[in-house]
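Letter by letter, the chains look like this.
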Amino acid sequence: MPNVIATRSLHLEGFGQNPEIFAAPGRVNLIGEHTDYADGFVMPAAIDFATLAAISPRTDNSIVIRSINFEDEVNYPVDHLPTRASHQWHDYTVGVLSVLREAGVRIPAFSLTLNGDVPIGAGLSSSASVEVASMAAVLGLSGADMPLTQVAQFCQRAENRFVGASTGIMDQFVACCGAEDHALLLDCRSLEYRLAPIPPHLSLVIANSMVKHSHAGGEYNTRRSEVEEGTELLRQHRPEIRLLRDATVEDLARWGKEMRPEVLKRCRHIITENTRTVAAADALEAGDLRTLGRLMYEAHASYRDDFEASCPEADKLVELARHEPGCIGARLTGGGFGGCTVNLVKSTVAETFSENLRKGYQKATGIEADIYLCHASAGVHKIPSTEGETQFAK
Ligand code: GLA
């Protein structure tokens, strides 16, 4: 998490007011990729990278949003917020404001300082963390109360309708409802979830392939439309199939030959991934790490071969991890086409594992990977107003 004291002091310096600060985490997905928009299952964990949103009221009817990371600031009259994305960092916050306003929430004038340490474009959901932190800050300032599930849905709407990325609910949901030391198994249809403890002797090691990805446009949306094409075809045979959550491998065996070959593969990934994800949650809860690890490797193979959303660099990271002692499971995490792998590793060897992975990857690709040792962390929360203040005064 970024430095709270520094964020408070930057806001105070810039706007002359002591802010309230809200934190929303990034996430790593243990298993369940591209299943969320098919109403399926996902099992992410919130991580200890986060966005801080520091907010204070204004009296001049404007909204001023400042980014520490982008060293930039935008200023709008409260009644004339942009109605379209500008493909810049502030889209996520402005998108959230536009969704809130549509829903009838009164938006006050405010100054907002954003400060984040979620690596950008690495598949760790920096955008969801900005959306959720911004929404929590604005709701906090306006005194509006909203269930976290709805905050997640509104933030997803901002991403879909304003930013223009047709993502599912996973990232925003875990940024809202994640819990310290737990993974979260989410049923993306009912939005019911259960928290599964991550055993204390395991570490989440995240390896950044340094291959950048972006969701707005591009491959993510292509995959989504291929999945819709396959769903539509199955629905013609079995009208009760609303989304791939309702389809089975038997359906594919019967009707898959009517699909374009790549569409069949995309659907097979999602249908089998749903089964793997539920089984992985059961295995985690039962302490059956061998099964959990096997499912993670199978999920990676399916993501690589059927969904074709991996890249040679991520495949290399997974292959290297697999041969390291103490590695329970590894796979590419997030939207795909680059980004990070998640590795579940015995904590006693996590440092050695990271070092060996870094060296092996450097040797094989010439790329210097960033490797993060993360903890499963809490979802969005307000930072107690004394945190930072007391230390700031010292
Ligand atoms: C991105 C999206 C999520 C999900 C994943 C793939 O992170 O934001 O909704 O679809 O990709 O599992």
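Residues numbered from 1 in each chain as written. Predicted model: local features only at pLDDT ≥ 70, side-chain atom pairs only at ≥ 80, totals over all residues. Heavy atoms only, no water.

Focus: the overall build of the protein chain
Next, step 1: The helix and strand inventory of the protein chain stands at twelve helices and twelve strands.
Next, step 2: Computed over its C-alpha atoms, the radius of gyration of the protein chain comes to 21 Å, within 12% of the 21 Å expected for a compact globule of 394 residues.
Next, step 3: Dimensions along the principal axes, computed over C-alpha positions, put the protein chain at roughly 65 × 50 × 40 Å.
Next, step 4: Within the protein chain, contacts between residues at least 6 apart in sequence are counted, and of these 71% link residues at least 24 apart.
Next, step 5: As displayed, the protein chain has an accessible area near 15900 Å², and 50% of this comes from carbon and sulfur atoms.
Next, step 6: For the protein chain, the centre of its 37 positive side-chain charges and the centre of its 51 negative side-chain charges are spaced 3 Å apart. (Helix = DSSP H or I, 4+ residues; strand = E, 2+ residues; numbered from the N terminus. Rg over C-alpha atoms; globule rule 2.2 N^0.38 Å. Contact = heavy atoms within 4.5 Å. Areas by Shrake-Rupley, 256 points an atom, 1.4 Å probe, with all protein chains shown as cover. Lys, Arg positive; Asp, Glu negative; His and termini not counted. Charge placed at Lys NZ, Arg CZ, Asp CG, Glu CD.)

Section: the domain arrangement of the protein chain
Next, step 1: With domains assigned, the protein chain is organised as domain 1 (4-196 + 379-391) and domain 2 (202-374).
Next, step 2: In this structure, domain 1 and domain 2 have C-alpha centres spaced 26 Å apart.
Next, step 3: Taken together, the contact between domain 1 and domain 2 spans 40 residues of the former and 47 residues of the latter.
Next, step 4: Roughly 3500 Å² of surface becomes buried between domain 1 and domain 2 when both sides are summed, with 61% attributable to carbon and sulfur atoms.
Next, step 5: Contact with domain 2 buries area across many residues of domain 1, yet I31, H34 and Y37 alone supply 19% of it, more than any other trio.
Next, step 6: One can count six salt bridges joining domain 1 with domain 2.
Next, step 7: D282 is paired through a salt bridge with R194; the nearest N and O atoms lie 3.0 Å apart.
Next, step 8: At the boundary of domain 1 and domain 2, one finds 23 residue pairs in polar contact (both at pLDDT 80 or more).
Next, step 9: Of all the secondary-structure elements, those providing two or more residues to the side of domain 1 that touches domain 2 are β1 (20-31), β2 (41-57), β6 (182-187) and β7 (193-197). (Domains from an automatic or database assignment. Buried area = accessible area lost by both parts, 1.4 Å probe. Salt bridge = Lys/Arg side-chain N within 4 Å of Asp/Glu carboxyl O. Polar contact = N/O pair within 3.5 Å; in protein donor to acceptor, adjacent residues only side chain to side chain.)

Concerning the site of the ligand
Next, step 1: The immediate surroundings of the ligand are formed by 13 residues, with E33, H34, D36, D171 and Y220 found nearest.
Next, step 2: In the environment of the ligand, an oxygen atom lies 2.5 Å from a nitrogen or oxygen atom belonging to the side chain of D36.
Next, step 3: Between an oxygen atom of the ligand and a side-chain N or O atom of D171, the distance comes to 2.6 Å.
Next, step 4: For the ligand, the accessible surface in isolation is 300 Å², of which the surrounding protein chains cover 98%.
Next, step 5: Placement of the ligand is best described as lying within the largest cavity. (Near = heavy atom within 4 Å. 1 Å grid on protein atoms, 1.4 Å probe; cavity = no way out; pocket = protein on both sides within 12 Å on 5 of 7 lines; lining within 4 Å. Sits in = over half its atoms within 2 Å of the grid points.)

Considering the environment of E228
Next, step 1: Summarising the element assignment, E228 is placed in helix α6 (residues 218-237).
Next, step 2: Along the primary structure E228 and L243 are separated by 15 residues, whereas in three dimensions their C-alpha atoms are 8.1 Å apart.

Observations concerning the packing of aromatic side chains
Next, step 1: Inspection of every chain in the model, using the stated rule, returns five aromatic pairs.
Next, step 2: Between F70 and W89, the ring centres sit 6.3 Å apart and the planes meet at 15°, which makes this aromatic pair stacked. Remark: W89 occurs in the loop between β4 (72-77) and α2 (91-102) and F70 occurs in the loop between β3 (62-67) and β4; sequence separation between them is 19 residues.
Next, step 3: The class for F70 is partly exposed, based on a relative accessible area of 45%. (Phe/Tyr/Trp six-rings, centres within 6.5 Å; stacked < 30°, edge-to-face > 60°. Buried < 20%, exposed > 50% of the residue type's maximum accessible area, 1.4 Å probe, protein only.)

Here we look at the pairing of β2
If a strand is regular, its side chains alternate between the two faces of the sheet.
Next, step 1: Within β2, 15 of the 17 residues are buried, which leaves the element mostly enclosed by the surrounding structure.
Next, step 2: Sheet analysis places β1 next to β2, joined by ten bridges and oriented antiparallel. Across the sheet, F22 pairs through a bridge with A53, a residue of β2.
Next, step 3: Pairing of β2 with strand β5 (residues 110-116), which is carried by seven bridges, proceeds in the antiparallel orientation. (Pairing = 2+ DSSP bridges.)

What to know about helix α4 (residues 148-163)
Next, step 1: Here α4 spans 21 Å end to end across 16 residues, near enough to the 22 Å set by a 1.5 Å rise per residue.
Next, step 2: V151, A152, F154, C155, Q156, A158, E159, F162 and V163 are the residues of α4 that are buried.
Next, step 3: The inward-facing, buried residues of α4 abut α2, α3 (126-142) and α5 (170-177).
Next, step 4: G164 sits one or two positions beyond α4 and adopts a positive phi of about 95°. (Expected span 1.5 Å × (residues − 1).)

So, the confidence of the model for the protein chain
Next, step 1: Looking at the protein chain as a whole, its pLDDT mean stands at 95, while 97% of the residues score no less than 70.
Next, step 2: The model gives residues 390-394 a pLDDT under 50, and that stretch makes four contacts with residues more than four places away or in other chains. (pLDDT = per-residue confidence, 0-100.)

Some remarks on empty space enclosed by the protein
To find leftover empty space, a probe the size of one water molecule is rolled over the atoms.
Next, step 1: A complete count under the given rule lists one cavity of 30 Å³ or more for this structure.
Next, step 2: Forming the boundary of the largest cavity are 13 residues, of which R27, D36, M170, D171 and Y220 lie nearest the centre.
Next, step 3: A total of three residues in the lining of the largest cavity trace back to one element, the largest contributor, which is α5.
Next, step 4: Counted by class, the lining of the largest cavity contains two nonpolar, seven polar and four charged residues. (Points joined across faces, edges and corners; volume = space filled by probe spheres on them. Nonpolar A, V, L, I, M, F, W, Y, C, P; charged D, E, K, R; others polar.)

A closer look at helix α9 (residues 289-305)
Along an α-helix, residues three or four positions apart point the same way, because every turn accommodates 3.6 residues.
Next, step 1: Compared with the 24 Å implied by 1.5 Å per residue over 17 residues, the 24 Å span of α9 between its first and last C-alpha is a close match.
Next, step 2: Of the positions making up α9, those classed as buried are L289, L292, G293, L295, M296, Y297, A299, H300, S302 and Y303.

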